[in-house]
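Coordinate analysis (summary)
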Amino acid sequence: MILMAKKKIDLMLKEFGYSDGHSCCECSNLRRSCVGARTVYKCQVYGSTGSQASDWAKWYPACGMLNRKWDKSPVMALVHKQSNCDDGYDIPGQMQIKWG
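All values derive from a computational prediction rather than experimental measurement.

Right, let's talk about empty space enclosed by the protein for a bit. The method is simple in principle: a probe with the dimensions of a water molecule rolls over the atoms, and the space it marks as empty is what remains. Per the stated rule, a full pass over the model turns up one cavity of 30 Å³ or more. Quantified by volume, the largest cavity comes out at close to 100 Å³. In this structure, the largest cavity is lined by 13 residues; those nearest its centre are C24, C27, C43, W56 and C63. Elements with a contribution of two residues or more to the lining of the largest cavity: α1 (2-16) and β4 (61-63). The residue makeup of the lining of the largest cavity, split by class, is twelve nonpolar, one polar and no charged.

Pairing analysis gives six bridges linking strand β2 (residues 30-35) to strand β3 (residues 38-43), with the strands arranged antiparallel. Counted as the bridge partner of R31 is K42 from β3. Hairpin connection, β2 to β3: the antiparallel pair is bridged by two residues, and G36 has positive phi, about 65 degrees.

Let us look at the nonpolar core. Ranked by size, the top nonpolar core spans 16 residues in total, and within it I9, M12 and W56 carry the most contacts. Breaking this core down by element, the ones donating at least two residues are α1, β3 and α2 (75-85). Apart from residues lying up to four places away in sequence, I9 is in contact with C24, W56, Y60 and P61.

For the structure on display, the rule yields two salt bridges. Salt-bridge contacts for R38 lead to D55; the nearest nitrogen and oxygen are separated by 3.1 Å. Highlighted residues: R38 in strand β3 and D55 in the loop between β3 and β4, separated in sequence by 17 residues. For R38, a relative accessible area of 37% translates into the label partly exposed. Between D55 and K42 there is a salt bridge whose closest N-O contact spans 2.7 Å. Residue D55 is located in the loop between β3 and β4, and its partner K42 is located in strand β3; the two are separated by 13 residues in the primary sequence. Pair check on accessibility: D55 and K42 agree, each one buried. Within the structure, one salt-bridge network assembled from shared partners comprises R38, K42 and D55.

Criteria and cut-off values
- Residues numbered from 1 in each chain as written.
- Predicted model: local features only at pLDDT ≥ 70, side-chain atom pairs only at ≥ 80, totals over all residues.
- Heavy atoms only, no water.
- 1 Å grid on protein atoms, 1.4 Å probe; cavity = no way out; pocket = protein on both sides within 12 Å on 5 of 7 lines; lining within 4 Å.
- Points joined across faces, edges and corners; volume = space filled by probe spheres on them.
- Helix = DSSP H or I, 4+ residues; strand = E, 2+ residues; numbered from the N terminus.
- Nonpolar A, V, L, I, M, F, W, Y, C, P; charged D, E, K, R; others polar.
- Pairing = 2+ DSSP bridges.
- Core = buried A, V, L, I, M, F, W, Y, C linked by side-chain atoms within 4.5 Å.
- Buried < 20%, exposed > 50% of the residue type's maximum accessible area, 1.4 Å probe, protein only.
- Contact = heavy atoms within 4.5 Å.
- Salt bridge = Lys/Arg side-chain N within 4 Å of Asp/Glu carboxyl O.

Printed below as a string of structure tokens:
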């Protein structure tokens, strides 16, 4: 779980850079919601799956999207779309079936 979370924030920092001295809890893109008795946070720029896989930590270091509006597809969707197109398992001469 921590490893997964580390990859999420690393992706955001690589894509948008750091906002030195700030954390995600200061960002307008961080949204709080209640799931049962639990409070969870989601980054609007990264995106949400509706599961724990996209839960965000308030203490993550803020990326370059700190308090900036994002009107494009969630970063998470772009990453998954790229990974589905090139999974790295192509074998020369192998038949490929593409869905969608």
